[in-house]
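Examination of the molecular architecture
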Amino acid sequence: MEKIITKQSVPEWIKKLEDYTIYAPIKNEDSWSFEVVEPRQPEVIDLNYLNSSPSPKKVVFPPKEVFFEFTGSIYDRMELKETLPEGRPQVILGIRPCDAAAISRMDEFFSEDVKDPYYLTRRENTILVGLVCNTPPSPNCFCTSVGGSPHGKTGLDILMTDLGDDLYYVESLTQKGVQIMDVPDKPFRQAKSEERSKMRKIHTDSVKNITREIKDMDTIGTRLDNVFNSSLWEEESMGCLRCGICTYLCPSCHCFDVNDEISSTSPLEGKRVRTWDNCQFPDFTMHSSGHNPRPERASRLRQRIFHKIRYSQQNFNNYLCTGCGRCVSNCPVGINMIEILNKI
Amino acid sequence: MNSNVYLPEPAKIIRIKEEVQGQRAIKSFRTQFLNGNRFSYQCGQCAMLSVFGKGESMISISSAPNVEDYLQFSILKTGRVTTALHEMEEGDVIGIRGPFGNGFPLQEWKGRNLTFIGGGIGLAPLWGLLHTAVKNKEEYGDLTLLYGARTSKDLVFRDELYELKKDIPVHLSVDTEEEGWDEFVGFVPQNVKEKVTWPQNSIAITCGPPIMIKFTILALKELGFEDDRIYTTVENKMKCGIGKCGRCNIGSHYVCKNGPVYSWAELKDLPQEY
């Protein structure tokens, strides 16, 4: 289905999707984040955005979620109550193609081998409506180096292209996409062939507009293997503050911690929670004996880059990096994955 | 196992045996699932134990898979969860999920001599394997155990070890001289050099502290063992058991899923991040 919607009609479309929780970019001072849009206030949505500061991964993989609640006594018996997500359908409106591709990497990861029921329940109920990057939203965008594109469709149910002239070209890519375009008093009209040509031209130009590049990605795997023991990692990680912003903002980083939180000791009541974790923290890998397999900054930076590029290539034949550039733009000490990979 | 992999199954501790006292205390716990279920597992696999309110810890299963009445875990008191376990009593309730990991390829070892080499708590992951092999003795060549600890008081399964001597040669060792000790004095790898002589058609399986494993492998190589005839187990910090939480990896391998059992032929090519 290929349609046209005017920019002014987008709020009208959103108002009709009352069975869905809508996440969309909302401006807060000088940055954007994906937030829940109140059903009667779709005007707050800002699709003229660059990209969100934190990635929208939290919609499918929340920073904190409860696996189960427990109550009872360790001296007698414990009752466990599974707390799977309720499964209310949700839409991420205006997600950038890199962030959608990152969610599709997580789809593969969390459904491979033993399935993760929490992630997959949320994901099955989520519809991704992408927005083409006519111009790169960040000076550090490099999606085209890691198999992506500013008009990429990976993971998406709908792709929207800003045609200018207050119009979006809206293309459904899956049945889920068709479903949310099929609303009463249709705010859409058929796309004309000249609009289709215009959309294609914008797509072609969008790729040319990406100027950041990691060179020779076809040989990156073996070149990384060759520098595993190099002093490069020590040099590059020298300034690392262990703040973890790189993986916190990353749209595809999915490592997590699991802990118990208790609210009462007698009877024992509490919950087991999953929280985002971070490979740049020293205690991420530290054994209870104190032994740490990745004790220095160098081994942790190397782990982040190897996991993104090399290990994911070995395990999934894909990169766990979709080129959004957030880790490069936001590192307080300027650790730059693009430059590191171009050095080896 | 529950269809939700993160949901543990409540189990009762039916027996606690104090193996080692003091600073480096070790206890063996036998458990039964409250719902009467049991899970089938292979020698060398692990399970995630929950102390509700404290968290989870990945522990190797030290009972043999053919034991129907209980699962046994022999645990060194080290961190938050294992300390809480050591404070528990018989009848108390924990949670168990698993089994996780690959296990030892015991089927492939039929007809071969098996030499088990343990140090300290490292005998626990070998214990179920050793008993399975002894129970099916006629299927294998010579079975031998070498086991050592800092002092004789640090040896686990002491009574069972003397019992085991009736079935197979057991060579014990302690690190330093002590009164009344008439077996080997010195580190485990030194005992290996002294007692192990027959690498042909033999498999050596070693588990213990990292430093012991390192020198045991060197000793075995010196004796003529090939890389693919030496097996060991790796441990790393774990939270999920299914290769998703992201911290136990060595290179592209997740120890909880692709390990914990590795042949030296596989392990020597992986980064030393364990």
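Residues numbered from 1 in each chain as written. Chains lettered and ligands numbered in written order. Predicted model: local features only at pLDDT ≥ 70, side-chain atom pairs only at ≥ 80, totals over all residues.

1. What about the overall build of chain B?
Helix and strand counts for chain B come out as seven helices and 15 strands. At 18 Å, chain B has a C-alpha radius of gyration in line with the 19 Å of a compact globule built from 274 residues. Judged by the C-alpha coordinates and their principal axes, chain B covers about 50 × 45 × 35 Å. Burial statistics for chain B: of 274 residues in total, 52% are counted as buried. For chain B, the proportion of contacts with a sequence separation of at least 24, taken over those separated by at least 6, is 69%. (Helix = DSSP H or I, 4+ residues; strand = E, 2+ residues; numbered from the N terminus. Rg over C-alpha atoms; globule rule 2.2 N^0.38 Å. Buried ≥ 20, exposed ≤ 12 C-beta atoms within 10 Å, placed from the backbone. Contact = placed C-beta atoms within 7 Å.)

2. Concerning the environment of Trp127 of chain B
Residues and elements named next belong to chain B. As for its position among the elements, Trp127 is in helix α2 (residues 124-135). Trp127 sits 84 residues away from Ile211 along the chain, and the two C-alpha atoms are 20 Å apart. Trp127 has contacts with Ser62 and Phe157, leaving out every residue within four places of it along the chain.

3. Some remarks on the interface of chain B and chain A
Taken together, the contact between chain B and chain A spans 31 residues of the former and 38 residues of the latter. Looking at the side of chain B that touches chain A residue by residue, the classes come out as 13 nonpolar, 10 polar and eight charged. (Nonpolar A, V, L, I, M, F, W, Y, C, P; charged D, E, K, R; others polar.)

4. A word on the pairing of strand β7 (residues 126-131) of chain A
Residue and element names in this part refer to chain A. Where burial is concerned, most of β7 is hidden: six out of the six residues are buried. Neither face of β7 is open: one carries Thr126, Leu128 and Gly130, the other Ile127, Val129 and Leu131, and all of them are buried. When strand β6 (residues 90-95) meets β7, the two strands line up parallel, connected through five bridges. What sits directly across from Leu93, in β7, is Val129. For β7 and strand β8 (residues 158-164), the ladder comprises three bridges, and the chain directions are parallel. (Pairing = 2+ DSSP bridges.)

5. Some points on the sheet that holds strand β4 (residues 55-60) of chain B
Residue and element names in this part refer to chain B. Strands sit in the order β4-β3-β6-β1-β2-β5 across an open sheet of six strands; the sheet is antiparallel. Whereas interior strands pair on both sides, the edge strands pair on one side only; in this sheet they are β4 and β5 (71-76). Strand-to-strand, the axes of this sheet are offset by a mean angle of 40 degrees, without reference to chain direction. Bridging between strand β2 (residues 26-33) and β5 involves six bridges; their strand directions are antiparallel. (Axes fitted to C-alpha atoms, helices over the stretch in contact; angles between N-to-C directions.)

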